[in-house]
Amino acid sequence: MDFVYGIHLWTYIPLGTIAVSDGPIMAASDRFEISVRGKGGHGAAPQGTVDAIVEAAHLVLGLQTIVSRNRDPLDPAVLTCGMIKGGHGYNIIADHVSITGTVRTFTPETKGLVVSRMHEVCEGVAKTYGGEISMEYHNGYPATVNRWPEPVKVVKRVGEAVVGADRCGLTCRTCGAEDFSYLLEAKPGAFFFVGAALPGELRPHHKSVFDFDEDALLVSASVFLHIVDHYLGPDAEPAKHAAPAAAGVGAAS
Amino acid sequence: MAAASVASLDYAGTSPDSTCARPLRLHKDVVDMRSEIIENRRHFHAHPELSFKEVETAAKIASLLRSYGISEVIENVGRTGVVAIVRGEAGPGQCILLRADMDALPLPETATVDYRSKNEGVMHACGHDGHVASLLAAAKILHAGKGKLRGVVKLMFQPAEEGFGGAREMIADGLLTEKVGGAGEETVAEAASRVQACSARRGSLHSRCRSSFACTPHATLTRAVLIGVIIHPTCYPLRPPRLQARPWISCTAFTCGRTSRWAPSP
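First, a word on what this report is: a plain description of the structure on this page. (Residues numbered from 1 in each chain as written. Chains lettered and ligands numbered in written order. Predicted model: local features only at pLDDT ≥ 70, side-chain atom pairs only at ≥ 80, totals over all residues. Heavy atoms only, no water.)

Turning next to the packing of aromatic side chains. All names here are of chain A. In this structure the tally under the stated criterion is eight aromatic pairs over all chains. Ring geometry for Phe-3 versus Tyr-231: centroids 4.6 Å apart, planes at 20 degrees, classification stacked. Highlighted residues: Phe-3 in strand S1 (residues 3-14) and Tyr-231 in helix H5 (residues 216-232), separated in sequence by 228 residues. Here Phe-3 and Tyr-231 have matching classes, each one buried. Relative to Tyr-182, the ring of Tyr-141 lies with its centre 6.0 Å away and its plane at 80 degrees, an arrangement referred to as edge-to-face. A residue pair is termed long-range when its members are at least 10 positions apart, and Tyr-141 in the loop between strand S9 (132-138) and strand S10 (144-146) and Tyr-182 in helix H4 (residues 180-186) qualify at 41 residues. Take Tyr-141: its relative accessible area is 7%, and that puts it in the buried class. For Tyr-182, a relative accessible area of 13% translates into the label buried. (Phe/Tyr/Trp six-rings, centres within 6.5 Å; stacked < 30°, edge-to-face > 60°. Helix = DSSP H or I, 4+ residues; strand = E, 2+ residues; numbered from the N terminus. Buried < 20%, exposed > 50% of the residue type's maximum accessible area, 1.4 Å probe, protein only.)

If you want it as structure tokens, here you go:
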């Protein structure tokens, strides 16, 4: 296997555009589960209890400062607490709250920072309130990184032939994730977005109203064929050298 | 530029209020296939299936690929994935993988289009139906034009992109190796790294034949490459060796096979 190529139709950019760029283009997508434990009691008698809801509320706010205060603002990250559950009744001090969420990062450095700060914030909040907080962190898809400059250039060249030079090569990055990342960790290649917006109201991906301009399929099929032609067609130059060097951090191993 | 060898056609689209501001220069055969591509997309859109449950989707893809005349269609790679191999007939060359994912989402479709989901609560809401239709079109056109191609195209129809790691499952099943799709695609770089690794580690090279079905002429070619690599790094012109900077390979003993084939790998 020499090169791997993947596309995503993309309704956030117009038909007749292709977004391809070097470096990370889709985020690593991880999931966390936090268990906040306190000491329950009567809602009218907080003395001697540890209110897991108050503890969890401070934890959520503390976690939000990791992206806003610790992370390099030039390297995007998202930390979302998507679900919070806890409590028993209006007059009962909760003894347990669970928080589940996702972390999206583009580089191993920022991911490492976010994860270690999450552990520290959990530990600090637990100490502050006298409860116990534990976190399970589950690694999901790694970031999708166009770490191979040559294949990106190939997409730019063939994309320009289809949609025109000024409509190909724009940068599109999203905190969504994509498991084509595993292929790009193993082999040289590129992943890119093919513009597919319908006229009028945006039809976002993962929404019940999603749809796209079907003429985008003619663009993606044409680009696929041009890529193959570039390597295997009559005018293709025979491969002259070893696999191209990966650029940037996290090169394939 | 290589793309010049592909016939292109100016195409203004069919929708007067398209978001596309100018004509596209599309592959001529793709434009000719427009209605078929859209028909395929709408079929998959109307029949969405969730991650690792793409049974009908995979069967339909495999059936279409075979109807194009592609004989090497491998099913159940990474559970429900499908791989098709188009072998160029103009000579050996590189191996290029093109990928489409094919799973849908657990979402009720609210659009009123006539191709809306017939599978309640499941919807192609991310465009994977379009990825599949695009890659099928490319497959059909590539197969029809394989006489002009030098090398191999591996077409990957992947399950379970939506959070369940279908790509990883296909890789674990050998997607990126000759285990899926037979031999004939190993690059000289890969052969060289094996030669180098083996000689550095053990002082010997075992060429592996992963299954009896891999013993095709293509597999023979692969081993011929290895032999050429060992005997003289520059004597194999069809796949220009990426070995020229590694002239220290010395062949001191050569044993070939107990039978008509090389010994299979353990």
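With 67 residues of chain A at the contact, the number on the chain B side is 82 residues. Across the interface of chain A and chain B, roughly 6300 Å² is buried in total on both sides, 59% from carbon and sulfur atoms. Across the contact surface, chain A and chain B share seven salt bridges. Its salt-bridge partner being B:Arg34, residue A:Asp215 comes within 2.8 Å of it at the nearest N-O pair. (Contact = heavy atoms within 4.5 Å. Buried area = accessible area lost by both parts, 1.4 Å probe. Salt bridge = Lys/Arg side-chain N within 4 Å of Asp/Glu carboxyl O.)

Turning our attention to the pairing of strand S4 (residues 28-37) of chain A. All names here are of chain A. Buried residues dominate S4, accounting for seven of its 10 residues. Two strands pair when backbone bridges link them, and S4 and strand S8 (residues 96-105) are joined in this way by 10 bridges, in the antiparallel orientation. Bridging from a neighbouring strand, Arg-37 pairs with His-96 of S8. Bridging between S4 and S9 involves seven bridges; their strand directions are antiparallel. The residue of S9 that forms the bridge with Ser-35 is Ser-134. (Pairing = 2+ DSSP bridges.)

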